[in-house]
Amino acid sequence: MAVASRRLAALTPLRKSAIEWRNWIWHRMNLKISASSISAKERDEAERAFIRYYMEQSDRPRRFFDLESKHGKLEPLAQVDLSPKRTAKVDICYSGRRVQRTIQLRSTVRELKALISRLLDLPAARLRVFYVDTEISRIQDVIAADELRFLHKQLYTYHVQDGDQFLVQEK
């Protein structure tokens, strides 16, 4: 118990002014956070993240300018859009004819069959539609076709991409 109280007394600055207290905290934070050492790489990345965060803010703290003088003016990070695609340009093939259409990937197999039915002037109930993933077909040198049997299934679940094909057969 006495050892713990001596450590606490050694760490606690007594009767310090606000500036000395802030400097003491800053010094302790520079050495360790949560009792773990901060590597030079981690510090550098954190400082750069701090600069990039405040680059777009109108009210910048003084530390921003200190770090900016240390690291220089940084370019903003690239904006990467990871949202899923909503549409795809596909080929619809039926008895030697090829029609290119842009389809909504959130639409269902039933809606695709209705579109194909209007294009070909055939009833949707008499159509068999196969999805051909051109990328897999190119890699394997085999036409990989999946029949679209489940009318409620959305097209994005088949991983439809631009350039893929739908083969249509009459029942």
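Model, not experiment: these values are computed from the prediction.

Visitor: Before we move on, can you summarise the packing of aromatic side chains with the specific residues and values?
Guide: To describe a pair of aromatic rings, one takes the distance between the centres and the angle between the planes. The final tally for this structure, using the stated rule, is five aromatic pairs. Ring geometry for Phe64 and Phe65: centres 5.2 Å apart, planes at 85 degrees, overall edge-to-face. Within the aromatic cluster, the residues linked to one another by ring pairs are Phe50, Tyr53 and Tyr54. One Lys or Arg, Arg106, reaches over the ring of Tyr156 and ends 4.4 Å from the middle of that ring. Above the ring of Tyr158, the side-chain terminus of Lys153 is found at 4.5 Å from the ring centroid.

Visitor: Describe the confidence of the model for the protein, and please don't skip the residues or the numbers.
Guide: When pLDDT is low, close inspection of the predicted coordinates is not appropriate. Here the protein averages 82 in pLDDT, while 77% of its residues score no lower than 70. In the model, residues 3–9 has pLDDT below 50 throughout and makes zero contacts with residues more than four positions away in sequence or in other chains.

Visitor: Explain the pattern of salt bridges to me, and be specific about the residues and the numbers.
Guide: Following the criterion strictly, the structure yields nine salt bridges and no others. The residue Asp44 makes a salt bridge to Arg48 at a minimum N-O spacing of 3.1 Å. Of this pair, Asp44 and Arg48 both sit in helix H3 (residues 40–55), four residues apart, which is roughly one turn of that helix. Classification of Arg48 by relative accessible area gives partly exposed; the value is 28%. Note that Glu147 is salt-bridged to Arg128, the shortest N-O span being 3.2 Å.

Visitor: Explain the nonpolar core residue by residue, including any values.
Guide: Grouped together as the largest cluster of nonpolar side chains are 20 residues, with contacts concentrated most on Ile103, Leu112, Ile116, Leu148, Val160, Phe166 and Val168. Counting residues per element, the ones that place at least two in this core are strand S3 (87–94), helix H5 (109–120), strand S5 (127–132) and strand S7 (165–170). Leaving out residues up to four positions away in the same chain, Ile116 has contacts with Ile92, Leu127, Val129 and Val168.

Visitor: Can you tell me about the packing of H3 against helix H4 (residues 62–71), naming the residues and giving the values?
Guide: Put simply, H3 and H4 touch, their axes get as near as 10 Å, and they point 120 degrees apart. On the basis of the axis angle, H3 is oblique to H4. In the packing of H3 onto H4, the handedness of the crossing is left-handed. Listed contacts from H4 to Asp44, Glu47, Arg48, Phe50, Ile51, Tyr54 and Met55 of H3 are Arg63, Phe64, Leu67, Glu68, Lys70 and His71. A breakdown of the residues in the contact of H3 with H4 according to their chemical character gives six nonpolar, one polar and six charged.

Visitor: Help me get a handle on H5, residues and values and all.
Guide: Helix length check: H5, at twelve residues, gives a terminal C-alpha distance of 16 Å against a target of 16 Å (1.5 Å per residue), a fit within 8%. Taken together, the buried positions of H5 are occupied by Val109, Leu112, Lys113, Ile116, Ser117 and Leu120. The arc enclosing the buried residues of H5, seen along the axis, measures out at 140 degrees, which places them on a common side. Across from the buried face of H5, at angles greater than 90 degrees, the exposed residues are Arg110 and Arg118. Two residues or fewer past H5, Asp121 is found with a positive phi of approximately 55 degrees.

Visitor: Give a description of the side chain of Asp164 that names residues and reports values.
Guide: Mapped onto the elements, Asp164 comes out in the loop between strand S6 (145–147) and S7. Under the relative-accessibility criterion, Asp164 is labelled buried at 1%. Only 2.4 Å separates the side chain of Asp164 from the side chain of Tyr131, close enough to count as a polar contact. Only 2.9 Å separates the side chain of Asp164 from the backbone nitrogen of Gln161, close enough to count as a polar contact.

Rules behind the numbers
Residues numbered from 1 in each chain as written. Predicted model: local features only at pLDDT ≥ 70, side-chain atom pairs only at ≥ 80, totals over all residues. Heavy atoms only, no water. Phe/Tyr/Trp six-rings, centres within 6.5 Å; stacked < 30°, edge-to-face > 60°. Lys NZ or Arg CZ within 6 Å of the ring centre and 35° of its normal. pLDDT = per-residue confidence, 0-100. Contact = heavy atoms within 4.5 Å. Salt bridge = Lys/Arg side-chain N within 4 Å of Asp/Glu carboxyl O. Helix = DSSP H or I, 4+ residues; strand = E, 2+ residues; numbered from the N terminus. Buried < 20%, exposed > 50% of the residue type's maximum accessible area, 1.4 Å probe, protein only. Core = buried A, V, L, I, M, F, W, Y, C linked by side-chain atoms within 4.5 Å. Axes fitted to C-alpha atoms, helices over the stretch in contact; angles between N-to-C directions. Parallel < 35°, antiparallel > 145°, perpendicular 65-115°, else oblique. Left-handed = near helix turned anticlockwise from the far one by under 90°. Nonpolar A, V, L, I, M, F, W, Y, C, P; charged D, E, K, R; others polar. Expected span 1.5 Å × (residues − 1). Arc of directions from axis to C-beta. Polar contact = N/O pair within 3.5 Å; in protein donor to acceptor, adjacent residues only side chain to side chain.

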